[in-house]
Amino acid sequence: MPNYMSPFTTMINLSNGLIPIAAVVQKRYLHDLEGMFADSTAEDALMINNPLLYEVQEATQNPMEEGQLRYSTTTIYPGKVGDEYYFTKGHYHAIGSRAELYMGLAGEGYLLLMSPENEINVQRMTPGAMSYIPPYWAHRTINIGKDNFVFFACYPADAGYDYASIADKGFAQIVVERGGKPTLIENPKWEK
Ligand code: S6P
Ligand code: ZN
């Protein structure tokens, strides 16, 4: 007989992503993303203030078992390092075959994806955008607006995180401001 969990409901404020009884809140400062931005000089200069780039509110602490789901909200604050917009670390799922669903709640962002063959794909996210991350694609979100960019994520609880591949190589392309607009360019630090 399986050990049945009890059903439950978590309230999420759909206008700002706040989860009043979040199980976990993770805060990521520039220091946590050291070396990930293309402009090292700008990154070093900003490191003195070590700004908060984003936070993740986990709605559950469901067991990391096959068949379970977890869900969360992420808020990326507006800002840039040099001309590169604030972003999340980005990761592949440790179990690559696990997909994920994002939904835009507030602000404007890009979902930057990269396949295992280094193919780049970008999805624009605004409130109501349901963006599907297929299995095996690395994913990073980027705040391209002037306000907080907030989105909801739902993912298999056993998906896990492979941060190392992105921390080492980054994404093949990055998103920078050019003429006041977000623009995708080749990543000058990219190494295959
Ligand atoms: C988890 C999901 C999100 C991210 C969050 C922060 O699979 O994709 O909850 O964890 O947006 O991004 P990162 O890359 O720092 O984990
Ligand atoms: Zn993920």
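Our structure's up above, just so we're on the same page.
Residues numbered from 1 in each chain as written. Chains lettered and ligands numbered in written order. Predicted model: local features only at pLDDT ≥ 70, side-chain atom pairs only at ≥ 80, totals over all residues. Heavy atoms only, no water.

Enquirer: Which residues make up the overall build of the protein chain, and what values do they have?
Expert: Of the regular secondary structure elements, the protein chain holds two helices and 13 strands. At 17 Å, the protein chain has a C-alpha radius of gyration in line with the 16 Å of a compact globule built from 192 residues. Projected onto its principal axes, the C-alpha coordinates of the protein chain cover approximately 60 × 35 × 30 Å. Sequence-distant contacts, at least 24 apart, represent 67% of the contacts inside the protein chain between residues at least 6 apart. When the accessible surface of the protein chain is summed, it comes to about 10,000 Å², and 52% of that surface belongs to carbon and sulfur atoms. Taking the average place of the 14 positive charges on the side chains of the protein chain and the average place of its 22 negative ones, the gap between the two points comes to 4 Å. (Helix = DSSP H or I, 4+ residues; strand = E, 2+ residues; numbered from the N terminus. Rg over C-alpha atoms; globule rule 2.2 N^0.38 Å. Contact = heavy atoms within 4.5 Å. Areas by Shrake-Rupley, 256 points an atom, 1.4 Å probe, with all protein chains shown as cover. Lys, Arg positive; Asp, Glu negative; His and termini not counted. Charge placed at Lys NZ, Arg CZ, Asp CG, Glu CD.)

Enquirer: Lay out the side chain of Gln-57 with the relevant residues and their values.
Expert: Within the secondary structure layout, Gln-57 lies in strand E2 (residues 52-58). Relative accessible area serves as the criterion here: at 9%, Gln-57 is assigned to the buried category. One polar contact links the side chain of Gln-57 to the main-chain amide nitrogen of Ile-19, over a distance of 2.8 Å. If we ignore the near neighbours within four places in the chain, the residues touching Gln-57 are Gly-17, Leu-18, Ile-19, Ala-22, Val-24, Val-25, Tyr-71, Ser-72 and Thr-73. (Buried < 20%, exposed > 50% of the residue type's maximum accessible area, 1.4 Å probe, protein only. Polar contact = N/O pair within 3.5 Å; in protein donor to acceptor, adjacent residues only side chain to side chain.)

Enquirer: Could you give an account of the site of ligand 1, with specific residues and numbers?
Expert: Around ligand 1, 16 residues are found, and the nearest of them are Tyr-54, Thr-74, Glu-100, Tyr-102 and Tyr-163. Between Ser-72 and ligand 1, the recorded distance is 3.3 Å, taken from a side-chain N or O atom to an oxygen atom. Protein chains shield 97% of the accessible area of ligand 1, which is 390 Å² for the free molecule. For the shell around ligand 1, the secondary-structure elements that each account for two or more residues are E2, strand E3 (69-76), strand E6 (100-106) and strand E11 (149-156). Its residues placed into classes, the shell around ligand 1 shows seven nonpolar, seven polar and two charged. (Near = heavy atom within 4 Å. Nonpolar A, V, L, I, M, F, W, Y, C, P; charged D, E, K, R; others polar.)

Enquirer: Provide a residue-level description of the pairing of strand E7 (residues 109-114), including the pertinent values.
Expert: For E7, the tally of buried residues reaches six of six residues, placing the bulk of the element in the interior. Along E7, one buried face is formed by Gly-109, Leu-111 and Leu-113 and the opposite face, lined by Tyr-110, Leu-112 and Met-114, is buried too. Sheet analysis places E7 next to strand E8 (residues 120-125), joined by six bridges and oriented antiparallel. Within the sheet, the bridge partner assigned to Tyr-110 lies in E8 and is Arg-124. Once E7 ends, the chain turns through five residues before running back antiparallel as E8, passing Asn-118 with a positive phi of about 70°. (Pairing = 2+ DSSP bridges.)

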